[in-house]
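Topology and contacts: notes
In case you want the letters, here they are:
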Amino acid sequence: MAEVSLTNVKKQYDNGFVAVHDFNLEIKNEEFIVLVGPSGCGKSTTLRMIAGLEDITDGEIAIDGTVVNDMEPKDRDIAMVFQNYALYPHMSVYENIAFGLRLRKVPNKEIHQKVLEAAEILGITELLGRKPKQLSGGQRQRVAIGRAIVRIPKVFLMDEPLSNLDAKLRNQMRAEIILLRQKIRTTFVYVTHDQTEAMTLGDRIVIMKDGYVMQVGTPQELFNHPANLFVAGFIGTPQMNFFDAVLKKSGEGYKAAVGDYEVNVPKYICDELDKLEQVPENVQLGVRPENLIIDPLGEKGIRASIKVTEMMGSELHIHAEYWDGKPIILKVQIADLTDEEQNRLISKESVAFTFRERTINLFRNDDGRNLAVPGAVPVPKTEKFVPEEKSKKNKKDNKKK
Ligand SMILES: Nc1ncnc2c1ncn2[C@@H]1O[C@H](COP(=O)(O)OP(=O)(O)O)[C@@H](O)[C@H]1O
Ligand SMILES: [Mg+2]
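Before going further, it helps to spend a moment on the site of ligand 1. Taken together, Tyr-13, Asn-15, Phe-17, Ala-19, Pro-38, Ser-39, Gly-40, Cys-41, Gly-42, Lys-43, Ser-44 and Thr-45 make up the full set of residues near ligand 1. In this structure, Gly-40 approaches ligand 1 through a main-chain N or O atom, which is 2.7 Å from an oxygen atom. Here ligand 1, which alone exposes 570 Å², has 62% of that area covered by the protein. Among the elements that take part in the shell around ligand 1, helix α1 (residues 43-51) stands out by supplying three residues, more than any other. Considering only residue class, the shell around ligand 1 consists of five nonpolar, six polar and one charged.

Have a look at this one:
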């Protein structure tokens, strides 16, 4: 059980690359935090700094109010599970789980009790006598987690623990991690690049890009009110649709025009717009595929031609183009369609759509910030990194010329 706070934490690697810029987060006691973002955005670096496996270039990390910047990993009372969990092949499952306790010279009787407890929590009691090669991938991963929870740490760190498992097993283990979390009351920081894992596991999600934090919030906050275009595009499948729109004052509120189709802007967004010194005219209007209302007869709203349909079982994904070739994805519940309508869509006749107005989000064209999320962070422009040695050499070369 612990609170973890990261204040202005920065990581610059020896070659000059800044992997994490100014990271700030207050993790509450027993909270489950998920760090999510594309490969290379700095998730593992952040986790390794909390663990003490990586030095901090700048800033402060504190656990329960004690600054741990210079504290050895073993003194932080942290346990970590990695993606590539290495079990000792010659040892039984029991010995693999007991290993860390033996190193700490814990008495045998206590080790025995703790190994049995951990095995019970993870449902692997009957496997204790086996060797790792006699286990399936999921069972091995459970043993790796068992090794970490045999001693309930203050903070439990997990770095993509499920990404080596196949899809079915991953779903199953995801549910088990939720159960595990209910059984062992401790603070979790969990890293993944998978938005489904982030959405289902996190009390709060920290979404990162290029070493910057894009947004911190509950799954609902990120899903319904993404702080910028990056978050909007990253969370949710199929991806949110974006339309070029023009904002116009209309009576007390605003309308957003997509071509000649006008959408009433929800009141809470209008209230935020009214606080701005200048309301931008051209914006991006974001709507999730499930929040476009379709007219299967192809009449009401903006008309589009269907390019591809994907039958997902209970829902149909429609890839279409409106105007002259602008792509769009629509998602419709099969149960909401008559057989005739289904056939019409699947045989790719035209479709038309309107907007579920209360679900729209408006983003700035210039920096991608959501106009209705106070304190939203701009989308960073990805810069190409030149390692320090090379850049010095380039400077010399330039001087010669
Ligand atoms: N030891 C290192 N030296 C230089 N750059 C590194 C080092 N380790 C990681 N990086 C870079 O830092 C960035 C963040 O890495 P990482 O934290 O592993 O990302 P993630 O876990 O989000 O995929 C990446 O661009 C990676 O190439
Ligand atoms: Mg990583």
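Scanning all chains against the criterion turns up 14 aromatic pairs. Here Phe-32 and Tyr-190 contribute two aromatic rings whose centre-to-centre distance is 5.8 Å and whose plane-to-plane angle is 40 degrees, an arrangement assigned as tilted. Taken together, the residues Phe-32 in strand β3 (residues 32-36) and Tyr-190 in strand β8 (residues 187-192) connect sequence positions 158 residues apart. Assigned by exposure class, Phe-32 and Tyr-190 land together as buried. With centroids separated by 6.0 Å and ring planes inclined at 85 degrees, the aromatic side chains of Tyr-322 and Phe-353 adopt a geometry described as edge-to-face. One end of the pair, Tyr-322, is in strand β17 (residues 315-322); the other, Phe-353, is in strand β19 (residues 351-355), with 31 residues separating them in the sequence.

Between helix α4 (residues 137-149) and helix α5 (residues 167-183), the shortest axis-to-axis distance is 11 Å and the interhelical angle comes to 25 degrees. Taken together, the axis directions place α4 and α5 in an arrangement best described as roughly parallel. Between α4 and α5 lies a crossing of right-handed hand. Mapping the contact onto sequence places Gly-137, Gly-138, Gln-141, Arg-142, Ile-145 and Ile-149 in α4 and Leu-169, Gln-172, Met-173, Glu-176 and Leu-180 in α5. The residue inventory of the contact of α4 with α5, partitioned by class, reads five nonpolar, four polar and two charged.

If you look at the biggest cluster of nonpolar residues, it comprises 49 residues, and the most contacted ones within it are Ile-145, Phe-156 and Ile-207. Residues in contact with Ile-207, not counting those within four places in the same chain, are Val-36, Tyr-212, Val-213, Met-214, Gln-215, Leu-222, Phe-230, Val-231, Phe-234 and Ile-235. With 36 residues, the next largest nonpolar core counts Val-263, Ala-304, Phe-355 and Ile-360 among its residues.

A separate point is the side chain of Thr-192. Structurally, the position occupied by Thr-192 is in strand β8. On the accessibility criterion, Thr-192 (1% relative accessible area) is buried. Reaching out from Thr-192, the side chain makes a polar contact with the backbone nitrogen of Asp-194 at a distance of 2.9 Å. Apart from the residues within four sequence positions on either side, Thr-192 is in contact with Val-34, Leu-35, Val-36, Gly-37, Lys-43, Glu-160, Glu-197 and Ala-198.

This paragraph deals with α4. Helix length check: α4 (13 residues) gives 19 Å between terminal C-alpha atoms against 18 Å at 1.5 Å per residue, within 8%. When we look at burial in α4, the residues that qualify are Gly-138, Gln-141, Arg-142, Val-143, Ala-144, Ile-145, Gly-146, Ala-148 and Ile-149. Tucked into the core, α4 has its buried residues touching β6 (78-81), α2 (93-103), α3 (108-122), β7 (155-159) and α5.

Our next topic: the pairing of β8. Judged by how many residues are buried, β8 sits mostly within the fold: six of six residues are covered. Of the two faces of β8, the one lined by Thr-187, Val-189 and Val-191 and the one lined by Phe-188, Tyr-190 and Thr-192 are each fully buried. Of the pairings in the sheet, the one linking β3 to β8 comprises five bridges and is parallel in character. Its bridge partner being in β8, Leu-35 is matched across the sheet by Val-191. Bridge count for β7 against β8 is five bridges, and the pairing is parallel. If you follow Met-158 over to β8, its bridge partner there is Tyr-190.

Cut-off values and rules
Residue positions are counted from 1 within each chain, in the order its sequence is given. Labels are handed out in written order, letters beginning with A for the chains and numbers beginning with 1 for the ligands. Given that this is a predicted model, residues contribute local features only at a pLDDT of at least 70 and side-chain atom pairs are listed and counted only at 80 or more, while totals for whole chains, interfaces and linings are drawn from all residues. Note that water and hydrogens are dropped before the side-chain values are worked out from all heavy atoms of the structure. For this purpose, a residue is taken to be near a molecule or strand whenever a single non-hydrogen atom of the residue falls within 4 Å of it. In protein, a polar contact means a hydrogen-donor-capable atom and an acceptor-capable atom, both N or O and within 3.5 Å, with residues adjacent in sequence counting only if both atoms are side-chain atoms; elsewhere, any N or O pair within 3.5 Å suffices. For the area figures, the Shrake-Rupley method with a 1.4 Å probe applies, and any residue is considered shielded solely by the protein chains shown. Only DSSP runs of H or I covering at least 4 residues are called helices, and only runs of E covering at least 2 are called strands; the numbering of each starts at the N terminus. For this classification, Asp, Glu, Lys and Arg are treated as charged, while Ala, Val, Leu, Ile, Met, Phe, Trp, Tyr, Cys and Pro are nonpolar and the rest, including Gly, are polar. Any two rings among Phe, Tyr and Trp, with Trp reduced to its six-membered ring, count as a pair given centres within 6.5 Å; such a pair is stacked if its planes are under 30 degrees apart, edge-to-face if over 60, and tilted if neither. Here the term buried applies to any residue with accessible area under 20% of the maximum for its type, exposed to any over 50%, and partly exposed to those in between, with areas from a 1.4 Å probe on protein chains only. For every element, the axis is a line fit to its C-alpha atoms; helices are fit only across the contacting stretch, and the angle between N-to-C directions ranges from 0 to 180 degrees. Any angle that falls under 35 degrees is termed roughly parallel, while one over 145 is termed roughly antiparallel, one within 65 to 115 roughly perpendicular, and all others oblique. Working rule for handedness: look at the near helix, and if it is turned counterclockwise from the far one by less than a right angle, call the crossing left-handed; if clockwise, right-handed. Contact definition: two residues touch when any of their heavy atoms are within 4.5 Å. Within this scheme, the nonpolar core is defined by two criteria: the residues are buried Ala, Val, Leu, Ile, Met, Phe, Trp, Tyr or Cys, and they are joined through side-chain atoms within 4.5 Å. In a helix, the anticipated span is given by 1.5 Å times the number of residues less one. Here, strands pair whenever DSSP counts at least two bridges between them.

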